[in-house]
Amino acid sequence: MTILVGYLDTPEGRAALDAGIAEARLREQPLVVVNSPRRGAPVDDAMLGPEQVSEIVDRASDLGVRVEVRQPLHGDSLADTLESVAREVDASLVVIGLRHRSPVGKLILGSTAQRILLDASVPVLAVKASG
Amino acid sequence: MDFTPIIDGFGIVLQPTNLLYCLVGVVIGMLIGVLPGLGPAATIAILLPITYGIEPVSAIIMLAGIFYGAQYGGTITSVLLRLPGEASSVVTVFDGFAMAKQGRAGAALGIAAIGSFIGGTVSIIGLSVLAPVVAGYALDFGPPEYAALGLLGVLLVSTVGNGGKLKAIIAAAIGLLIATVGRDSFTGAERFTFGNLNLADGIDFVPIAMGLFGLGEILYNLEENHKKVHAPAKVTKVWPSRQDLSDSKGAIARGSGIGFGLGVLPGGGAVLSSLVAYAVEKRRAKQPERFGRGAIEGVAAPETANNAAATSSFIPLLTLGIPANATMALMFGALLIQGVQPGPQLVDTHPDIFWGVINSMYIGNILLLIMSIPMVGVFVRILKVRPAILAPITALITMLGVYTVNNSVFDIYLVIVFGVIGYLMKKFGFDPGPMVLAFVLGTLIESSARQSLLIFGGDPTGFLTRPISGTILAAIVAVAIFPLVRRAIRAKRGEPAGAPAPTEASPAPVPDRETTEAK
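So, how was this worked out
- Residues numbered from 1 in each chain as written.
- Chains lettered and ligands numbered in written order.
- Predicted model: local features only at pLDDT ≥ 70, side-chain atom pairs only at ≥ 80, totals over all residues.
- Helix = DSSP H or I, 4+ residues; strand = E, 2+ residues; numbered from the N terminus.
- Rg over C-alpha atoms; globule rule 2.2 N^0.38 Å.
- Buried ≥ 20, exposed ≤ 12 C-beta atoms within 10 Å, placed from the backbone.
- Contact = placed C-beta atoms within 7 Å.
- pLDDT = per-residue confidence, 0-100.
- Core = buried A, V, L, I, M, F, W, Y, C linked by C-beta atoms within 7 Å.
- Nonpolar A, V, L, I, M, F, W, Y, C, P; charged D, E, K, R; others polar.
- Pairing = 2+ DSSP bridges.
- Axes fitted to C-alpha atoms, helices over the stretch in contact; angles between N-to-C directions.
- Right-handed = clockwise from strand over helix to strand, strands pointing away.
- Bend = angle between axes of the 7 residues up to and from the residue.
- Left-handed = near helix turned anticlockwise from the far one by under 90°.

Draft legend 1. Seen up close, the overall build of chain B. If you tally the helices and strands in chain B, you get 22 helices and two strands. A globule of 519 residues ought to have a C-alpha radius of gyration of about 24 Å, and chain B, at 22 Å, matches this closely. Seen through its principal axes, chain B has C-alpha atoms that stretch 70 × 60 × 50 Å. Scored against the burial criterion, the 519 residues of chain B give a buried share of 54%. Counting contacts in chain B only where the partners sit at least 6 residues apart, residues at least 24 apart contribute 80% of the total.

This is the structure we're talking about:
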């Protein structure tokens, strides 16, 4: 069993990561961070660079959580990609960031969040950015 | 030397309309340079119909801007993403990306822009000085010389160009065959028209170019799925340090020379010169092992050379009317569309075009230098556009464009047919370049050869007895026999035949990228 976090480098994404790390410590389960850019274009804003990935790994490891960052590409449906990763890693909980209807990023954009909430086969924890 | 036409040329370039077209050209050039896949040849092909509506000078200024602008743009993705935007920036990947990993992306881009500017400018000065001289000599050329020169051009492009020689020769032969379609200009007999009236006037250059380069590349790129998505790169501190500048001084100087020299050769051009410049720097370096690990010379030399070559490849076109590479074949076509026959008489009959185009390059290079240093980030944004969005739009523009040329639906079919041919050629490793070039030169070769035979009274030895055409024909024989001789010598020395040729510039480490992206 693992905790799955949908992550983007935004305030909401970071809030989701914090909640995910806290949950992972509580449940003593490893953490899987999913950062999924869109397939097709050579460059995508959502994609994390190697430095950002190692930053996440360092932070989680410092708090004693085993973490793995995955960067699968998604096509039309990010929710499907997240769901398939959730099944693959046998997630007990999916954590996503939520924002009040504002086009911040695909992962936390209204409809995608809703799709994840509706489609997920496991409990979903939706957090808001602090402040 | 009379300087009046040169000064007049600047007057033409500085007209607001032409300045605007120059700016549009270099911006488009930068953009497509950044985009992997769409190269300058494809873009110029797609934009050919637009040139019908505007003044010849403005049209050629814009198209030229696209060509040399793309050499600047190709660097950006090579350095930042290890993704060469253009084939001529492939070698920049080795050291450019290594520098970017060390946090010196800005310095790499800066030195590339400065090198490109210097290389381009040196080449333009060479062009300004050399072109009228060559054109002066070329005025003595008659049909026999042109026939020989055209043949040499086709042969050199097929043998010197990148890709397999045999495949290039096959492509060139097909290009020559297509050039014969239509009514014979001397006897009026119809050839290869299959009774189709649409083919009676021969196949127009525009649908062939737009199909092979434009649609063919679009189709091919659609198939190319970028399996890797990159994080947006951040560029800081674009100005290279004083140390960087002094390190790359020699590389830039040699790159300019190599680029200028190889650009003039048929089949040379930007790609070959960047490879050679890189190899020369590596051989000259005191510590060659630094190359591939972020040596600034490894960025400066090829980037300087490709710009110098892009510029100097205008010399054979503007002075002899012989295009040196595929992109120049498109320029040749664009000039013909405008009713301008490129050749030695161009400098006298159309001094506005001749000097306008050359002088626009000075301005264009300055514009590019200004744009490429602070505005790198803006151009990198185009990479966020998915091919699934870009391809249909470009395909639609291509189709609309070709229709507007003659208001002919048949031309649209031709583009589709040639687009599929172009796609298949790329898929099976044939370069469409020699085919288009041979098509363009085919008409020239045929008409000059037959004119010559009329002059000689049907005696083909006339080609050999005229000094200039005889020399060119000797050169053709030399070019054709050289590979055989080299193989024979190597076999005598007992070396394996498959060993890499020492003259070929093969940079040691092959990057783990999809090679076709560079096209």
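What follows continues from the structure just given.
Draft legend 2. Expanded view of the confidence of the model for chain B. Residues and elements named next belong to chain B. Confidence in the prediction of chain B, expressed as mean pLDDT, is 83, and 92% of residues score 70 or more. When pLDDT is averaged over each element of chain B, helix 19 (residues 409-427) comes out on top at 92 and helix 17 (residues 376-380) at the bottom at 78. Within the model, pLDDT remains below 50 along residues 497-519, and this stretch shows 33 contacts once partners closer than five positions in the same chain are excluded. Here the complex is predicted with pTM 0.82, and the ipTM for its interfaces comes to 0.73.

Draft legend 3. Examining the nonpolar core more closely. Grouped together as the largest cluster of nonpolar side chains are 162 residues, with contacts concentrated most on A45(B), I60(B), L63(B), A108(B), A209(B), M210(B) and V436(B). In this view, I60(B) contacts M331(B), A334(B), L335(B), I353(B) and V357(B); residues no more than four positions away in its chain are not counted. In terms of nonpolar packing, the next biggest core, distinct from the first, is built from 38 residues, V32(A), V34(A), L48(A) and L82(A) among them.

Draft legend 4. Region of the structure containing the interface of chain B and chain A. With 15 residues of chain B in contact, the opposing surface of chain A contributes eleven residues. For the side of chain B that touches chain A, the class distribution of residues is eleven nonpolar, two polar and two charged.

Draft legend 5. Local environment of the sheet that holds strand 3 (residues 67-70) of chain A. All names here are of chain A. A sheet is described by the order of its strands in space; here five strands give the open sequence 3-2-1-4-5, paired in parallel fashion. Each edge of the open sheet carries a strand with a single partner, namely strand 3 and strand 5 (124-128). Averaged over all pairs of adjacent strands, the angle between their axes in this sheet comes to 20 degrees, without regard to strand direction. Summarising the sheet, strand 1 (residues 2-6) and strand 2 (residues 31-34) pair through four bridges and their orientation is parallel. Paired with G6 across the strands is V34, a residue of strand 2. Against the sheet, helix 1 (residues 11-27) engages strand 1, strand 2, strand 4 (91-98) and strand 5, with an angle of about 155 degrees to strand 4.

Draft legend 6. Up close: the pairing of strand 2 of chain A. Residue and element names in this part refer to chain A. Side chains L31 and V33 of strand 2 all project onto a buried face; the interleaved residues V32 and V34 project onto the opposite face, where all are buried too. Assessed by its sense of winding, the connection that carries the chain from strand 1 through helix 1 to strand 2 is right-handed. Direction of pairing for strand 2 relative to strand 3: parallel, over a ladder of four bridges. The residue bridging V32 from the neighbouring strand is E68, located in strand 3. In this fold, the crossover linking strand 2 to strand 3 by way of helix 2 (residues 50-62) has right-handed handedness.

Draft legend 7. Fine view of helix 6 (residues 105-138) of chain B. At L130(B), helix 6 of chain B shows its maximal kink, close to 30 degrees; a proline, P132(B), follows between one and four residues later. Burial of helix 6 of chain B is extensive: 25 of the 34 residues sit out of reach of the surface.

Draft legend 8. A look at the packing of helix 9 (residues 205-223) of chain B against helix 14 (residues 326-337) of chain B. Residue and element names in this part refer to chain B. For the pair helix 9 and helix 14, interaxial distance at closest approach is 10 Å and the crossing angle is 150 degrees. Crossing angle aside, the handedness with which helix 9 passes helix 14 is left-handed. Contacts from F205, V206 and A209 of helix 9 reach helix 14 at L330, G333 and L336.

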